[in-house]
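# Fold and contact review
Below are the chains, spelled out letter by letter.
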Amino acid sequence: MDDITWVKTTVNRRLAKGHGFYLQHAKETCLVGKKGDVRDADLVLSDVIIAPRRSQSEKPPELYELIERLVPDGKYLEIFARRHNLRNHWVSIGLEL
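Residues numbered from 1 in each chain as written. Predicted model: local features only at pLDDT ≥ 70, side-chain atom pairs only at ≥ 80, totals over all residues. Heavy atoms only, no water.

This part covers the packing of aromatic side chains. Summed over the entire model, instances satisfying the criterion amount to three aromatic pairs. Arranged with centres 4.9 Å apart and planes meeting at 25 degrees, the rings of Y76 and W90 form a pair that is stacked. Of this pair, Y76 sits in strand β4 (residues 76-79) while W90 sits in strand β5 (residues 90-93), and the two are 14 residues apart along the sequence. Each member of the pair, Y76 as well as W90, carries the same accessibility label: buried. In textbook terms, an aromatic cluster arises when at least three aromatic residues are bridged by ring pairs, as seen for Y64, Y76 and W90. Of note, K8 hangs over the ring of W6, and the distance from its end group to the ring centre comes to 5.0 Å. (Phe/Tyr/Trp six-rings, centres within 6.5 Å; stacked < 30°, edge-to-face > 60°. Helix = DSSP H or I, 4+ residues; strand = E, 2+ residues; numbered from the N terminus. Buried < 20%, exposed > 50% of the residue type's maximum accessible area, 1.4 Å probe, protein only. Lys NZ or Arg CZ within 6 Å of the ring centre and 35° of its normal.)

Here it is in structure tokens:
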């Protein structure tokens, strides 16, 4: 369907420095897919979320809320999940679960 970019910031609203060999990764990309006809999605929302970096593999709540608005009553899957980011109505997969 599309992708959403999460721009990670510090508590001071600066770009967060992440890991990387050549570049400091201050963003993550979330792939959003929908099974079936995509044309019935009548919302047009921003594809960028600017939110503070959280603990390891923890995504911002705004990301989940945006996906749930795009695909209401959908089946949701999160990979690379950890215990601190389990969410109702989502299937979570991760090595530490």
